[in-house]
Amino acid sequence: LNRDEVYNEFLKKLNDWQSARGKVETKDLPPFARETVDAIRAMVQALVNSNNRSDGRNVVTHLRQLEFDGVSGHVEFGGSGDRKHPLYTIFNAHSVSNSGLIQWDEIGSVSTDIGSVTFDDKFESICFAEIGCKNLDEIPADTHPELPYPIPFWARVVIYIVSFFCIFFAYRYFRSACKNRKARKELEALRASITGTRTAESDYIPRVIKPVDLENQALRRGSSQNIDVGSAQQESGGLDVVNNISSSQIDVSDVAVGEVLPPDLEDEAQMVLVKGDVIQISKSRPYDEWRFGTKVHAVDEEKARELVAVACDGMDPDTANVFHDSGWFQLSNTRMPTAEDLQFIKDNIGNATLALPPTWTKIIDPCVAERHQLPAGEERDLVESAFLEHMDSTRTRVVSVERVQNLAMWQSYDVKLKTICHRELKSNPPYEEAQLAQFERKWLFHGTNIEVIDKIVQQGFNRSYCGESFRS
């Protein structure tokens, strides 16, 4: 404890001030009062010495430069801003009888400055951890004895076990939540990447009118020549439809029967739907609900073929233009696909992504097929060389080559290709990625007439576009 001249002078001035005002004189400054007085003095002196008191950094710089003899002893600051050789007051704590209160006895002070230890006659009363009081023959330890654990051993075991299971299940939940979040993001990305997909809400078959029934209607009207099939369909109002479902094993209570195909689509293909099928639309009609699409996920192909037989009612499917995988259908029998619907596609294609061919140019409208004439270059040379490989090049001349960019048809093809590749990888683990190329046919040339080119570009190849020689 500091008892130097500076301290005694400060205490005398304080007592004179207290006596002049009739206050009780202080015999000794309480703990930390000495440091408080010196802290105030140092702060005031730094502000006086600073040429810019509003600049905190400037004030701190002058504060660190101070050096004076204060009430608590010599005041000087080091480079880190801490006081050099501060005094540490030592207290001895002991409990007071059985009251549970702690009494603190001031024993003395010690500093980092050698020879600055000051103790009063209570020095022998200092108590050290683990040694106790008045036993200074041993070097005091710097650890404190552990208190008796207030919680029973069995309770600690239960706490440890419960804590372990809580951490374990929290980890499992967090891991599962992260996995589900990742799966949802992947499904949302898949749904955003696949253009124009719909899901069948119920089993659906198209209405098919037999040509013989149309001819009979015309004969009954006395006009056996120049039969207009389209007008006959409209006049029939869909009454003469193939609806002989009794011969099928299918429960038709939930099978929806579509309307008659519009006259301008009378020669085009129609498609049956099984509840849950995911269809990708490649052509839309803005003025009605008819859409042309291809299935990217078929729930039950066998059932779809049975529905084709039911719709055709004995007719050849090629003649009736009813198919199980692609064709026109009515939008009212479908809905927007959910994440669960697309999960089947995600499972079938694995971790593959539906990337566009690198040679494609930017697509303006994903719902409209585009045709781009290829200039002379590597892409056109590859097509021409493949086309002329098995032909007489002296008699054949390639006039032009166009690239068809049909996003919906490409994605339908890409999904089916990746489904086959993923299935082969799962069933034949030794398969390597390079071996999967055998499932892709890069070059296949098909001749057609100019009248159906636009249909093929927008809707893809379909048996209903072929000539009579093929059907026969």
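My aim in this report is to walk through the structure given alongside it, one point at a time. (Residues numbered from 1 in each chain as written. Predicted model: local features only at pLDDT ≥ 70, side-chain atom pairs only at ≥ 80, totals over all residues. Heavy atoms only, no water.)

Moving on: the pairing of strand β2 (residues 73-76). In terms of strand pairing, strand β1 (residues 67-70) meets β2 through four bridges, oriented antiparallel. Following the sheet pairing, Phe 68 is matched in β2 by Val 75. Connecting the antiparallel pair β1 and β2 is a turn made up of two residues. (Pairing = 2+ DSSP bridges. Helix = DSSP H or I, 4+ residues; strand = E, 2+ residues; numbered from the N terminus.)

A separate point is the nonpolar core. Core analysis: the largest hydrophobic core is formed by 14 residues, its most contacted members being Ile 205, Val 272, Leu 307, Cys 312, Ala 320 and Val 322. Tallying contributions element by element places helix α7 (residues 301-312) first for this core, with six residues. Residues in contact with Ala 320, not counting those within four places in the same chain, are Val 208, Cys 312 and Met 315. Ranked by size, the runner-up nonpolar core spans twelve residues in total, among them Leu 261, Met 271, Leu 273 and Ile 279. (Core = buried A, V, L, I, M, F, W, Y, C linked by side-chain atoms within 4.5 Å. Buried < 20%, exposed > 50% of the residue type's maximum accessible area, 1.4 Å probe, protein only. Contact = heavy atoms within 4.5 Å.)

On the surface, Phe 153, Val 157, Ile 161, Phe 164, Phe 165, Phe 168 and Phe 169 cluster together into a nonpolar patch covering about 710 Å² of accessible area. Relative to the helices and strands, Phe 164 resides in helix α4 (residues 153-193). (Patch = residues over 30% accessible without salt bridge, like charges linked within 9 Å, V, L, I, M, F, W, Y side chains within 5 Å. Areas by Shrake-Rupley, 256 points an atom, 1.4 Å probe, with all protein chains shown as cover. Salt bridge = Lys/Arg side-chain N within 4 Å of Asp/Glu carboxyl O.)

We now examine helix α3 (residues 56-64). What α3 keeps buried is the set Asn 58, Val 59 and His 62. The buried residues of α3 occupy an angular sector of 100° when the element is viewed end-on, so they sit on one face. One side-chain oxygen at the N-terminal end of α3 lies 3.2 Å from the backbone nitrogen of Arg 57; it belongs to Asp 55. (Arc of directions from axis to C-beta. Polar contact = N/O pair within 3.5 Å; in protein donor to acceptor, adjacent residues only side chain to side chain.)

Below, the discussion takes up the packing of helix α2 (residues 33-49) against α3. Remark: α2 packs on α3, axes separated minimally by 8 Å, with the N-to-C direction vectors making an angle of 120°. The crossing of α2 and α3 is right-handed. Between α2, through Ala 42, Met 43, Ala 46, Leu 47 and Asn 49, and α3, the contact on the second element is made entirely by Val 59, His 62 and Leu 63. Here the residues of the contact of α2 with α3 sort into six nonpolar, two polar and no charged. (Axes fitted to C-alpha atoms, helices over the stretch in contact; angles between N-to-C directions. Left-handed = near helix turned anticlockwise from the far one by under 90°. Nonpolar A, V, L, I, M, F, W, Y, C, P; charged D, E, K, R; others polar.)

In total, this model carries nine aromatic pairs according to the counting rule given. Seen from their ring centres, Phe 168 and Phe 169 are 5.4 Å apart, and the 70° between their planes marks the pair as edge-to-face. With a relative accessible area of 34%, Phe 168 lands in the partly exposed category. Assessed through its relative accessible area of 52%, Phe 169 is described here as exposed. By the ring-pair criterion, three or more aromatic residues cluster together here, those being Phe 164, Phe 165, Phe 168 and Phe 169. (Phe/Tyr/Trp six-rings, centres within 6.5 Å; stacked < 30°, edge-to-face > 60°.)

Turning to the pairing of strand β12 (residues 278-284), a few remarks are in order. A large share of β12 lies buried, amounting to five of its seven residues. Pairing of β12 with strand β13 (residues 290-297), which is carried by six bridges, proceeds in the antiparallel orientation. Across the sheet, Ile 281 pairs through a bridge with Gly 293, a residue of β13. The hairpin turn running from β12 into β13, its antiparallel successor, is five residues long.

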